[in-house]
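Remarks on the overall topology
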Amino acid sequence: MTAAVVRTAPGAGALDAASLAGLGVARRRENFPLAFLCPPDVRAGRHAVYAYCRLIDDLGDEYTGDRLAVLDAAEAEVHAALSGRAQHPVFVALQPLFAAGMPAQPFLRLIEANRVDQSVVSYASWQALDGYCALSAAPVGEMVLRLENAATPRRLELSALVCGGLQLANHWQDLGEDALRGRCYVPSPVLSQHGVTVASLASGVAPPGFAAMLDECVAAARERLRGGWPLAAELRGRLRVEIAGFAAHGAATCDAVSRNGRSVLVARPSSGRRGRAAALLVALRALAAPSAPPRSLRP
């Protein structure tokens, strides 16, 4: 993977295309692996959405200047793109989507998630964490469904569950790394219940209650993936395959976290070739007809 280039902040209140050129757009389009199968107009929209999501995440995670100021500037560019006046190329690419009726709200929610990341390092409940996922993960699923004219209230609800489950699985993969940065997505009451602290996670030495805590966290991710699985059955063709594949990949990630146990504190677990192959098989089976979810998502 090509690493994103971190740039020094441009002037406050502006997104300078030259100084930000290495952020967001340099990475491969891993979030949309089947984009090349899309019709040309949808493919262009996918690529525009991907570049936007990568840029906003990089501004929130890797930017070396005033992150809140540059996120404000990104929000201003979204509003400019709504009226065809964007300057930064990532936002210029969004203009045809907005002109075709794409709402700005999912794009703005993603910016808000990155604002939250600048000050919030813990969550008081699963409900609070789900609220964060509604800002940081659900918007991507909504963008994809709207690009395909496949968004309905029920589908958006199911998509949010799939995206939330994927987000949680990724958080548990990064449990040790996040703790070293003073951040933890495990709800505080869950930590307390199992006698775990962020400091103990950062130490790399799992306390006695760690295994039970991790089981609860992985179960929460699987619950959301399981709840969103019916979305695949509501869709057809390529989009069904993608949704089934994403959910299956989330299940494989959960399996990897469970399998690695306390070692997740010192090394990020991966689903590996076997897990990726299993997810691909689930996705291909969904092409013919709605299929059962991966075994680890079944009740």
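Rules behind the numbers
Residues numbered from 1 in each chain as written. Predicted model: local features only at pLDDT ≥ 70, side-chain atom pairs only at ≥ 80, totals over all residues. Heavy atoms only, no water. Helix = DSSP H or I, 4+ residues; strand = E, 2+ residues; numbered from the N terminus. Buried < 20%, exposed > 50% of the residue type's maximum accessible area, 1.4 Å probe, protein only. Contact = heavy atoms within 4.5 Å. Areas by Shrake-Rupley, 256 points an atom, 1.4 Å probe, with all protein chains shown as cover. 1 Å grid on protein atoms, 1.4 Å probe; cavity = no way out; pocket = protein on both sides within 12 Å on 5 of 7 lines; lining within 4 Å. Points joined across faces, edges and corners; volume = space filled by probe spheres on them. Expected span 1.5 Å × (residues − 1). Phe/Tyr/Trp six-rings, centres within 6.5 Å; stacked < 30°, edge-to-face > 60°. Core = buried A, V, L, I, M, F, W, Y, C linked by side-chain atoms within 4.5 Å. Disulfide = S-S within 2.5 Å.

1. Let's talk about the overall build of the protein chain
Within the protein chain, the secondary structure is distributed over 15 helices and 0 strands. Classification of the 299 residues of the protein chain by burial places 51% in the buried group. If you take every contact in the protein chain between residues at least 6 apart in sequence, the share linking residues at least 24 apart comes to 69%. As displayed, the protein chain offers around 13500 Å² of accessible surface, 56% of which is attributable to carbon and sulfur atoms.

2. Looking at the layout of surface pockets
For the second largest pocket, the calculated volume is near 390 Å³. As for the second largest pocket, its lining consists of 20 residues, of which Ala 278, Ala 279, Val 282, Pro 294 and Arg 295 are closest to the centre. Sorting the residues of the lining of the second largest pocket by element identifies α14 (237-260) and α15 (272-288) as the ones contributing at least two each. With 7 residues, α15 is the single largest residue contributor to the lining of the second largest pocket.

3. Remarks on helix α5 (residues 105-117)
With 13 residues, α5 ought to run about 18 Å at 1.5 Å a step, and its terminal C-alpha atoms sit 19 Å apart, in line with that. Most of α5 sits out of view: 10 of its 13 residues are buried. For α5, the full list of buried residues reads Pro 106, Phe 107, Leu 108, Leu 110, Ile 111, Ala 113, Asn 114, Arg 115, Val 116 and Asp 117.

4. Focus on the side chain of Arg 224
Turning to its location among the elements, Arg 224 is positioned in helix α12 (residues 210-228). Exposure remark for Arg 224: the relative accessible area of 11% places this residue in the buried category. Apart from residues lying up to four places away in sequence, Arg 224 is in contact with Trp 126, Asp 130, Leu 161, Val 162, Gly 165 and Leu 168.

5. Some words on helix α7 (residues 138-147)
Taking burial as the measure, the 10 residues of α7 include 9 buried ones, the bulk of the element. Residues of α7 that are buried include every one of Ala 138, Pro 139, Val 140, Gly 141, Glu 142, Met 143, Val 144, Leu 145 and Leu 147, and no others. Positive backbone phi, at 55°, marks Asn 149, one or two positions downstream of α7.

6. Thoughts on the packing of aromatic side chains
For the structure shown, the criterion picks out 7 aromatic pairs. Here a set of aromatic residues connected by ring pairs shows up, and it is made of Tyr 52, Phe 91, Phe 98 and Phe 107.

7. Examining the nonpolar core
Ranked by size, the top nonpolar core spans 52 residues in total, and within it Trp 172, Leu 175, Val 186, Leu 201, Phe 210 and Met 213 carry the most contacts. In contact with Val 186, other than residues within four places in its own chain, are Tyr 123, Trp 172, Leu 175, Leu 191, Met 213 and Cys 217. Counting residues in each nonpolar core, the second largest holds 31 residues, with Ala 48, Tyr 63, Ala 86 and Val 140 among its members.

8. Here's the deal with the state of the cysteines
Counted according to the given criterion, the structure contains 0 disulfides. Lacking any disulfide linkage, Cys 133 is separated from the closest cysteine sulfur, that of Cys 163, by 9.5 Å.

9. Things to note about the environment of Leu 82
Topologically, Leu 82 is positioned in helix α2 (residues 67-82). Owing to a relative accessible area of 42%, Leu 82 belongs among the partly exposed residues under this scheme. When the C-alpha atoms of Leu 82 and Phe 98 are compared, they prove to be 5.8 Å apart, with 16 residues separating the residues in sequence. In this structure Leu 82 touches Phe 98 and Ala 104, once residues within four positions along its chain are discounted.

10. Concerning the environment of Gly 228
With respect to the helices and strands, Gly 228 occurs in helix α12. The class for Gly 228 is buried, based on a relative accessible area of 0%. In sequence terms Gly 228 and Ala 244 are 16 residues apart; their C-alpha atoms lie 9.8 Å from each other. With residues near it in sequence (within four places) discarded, Gly 228 still touches Leu 158, Leu 161 and Val 162.

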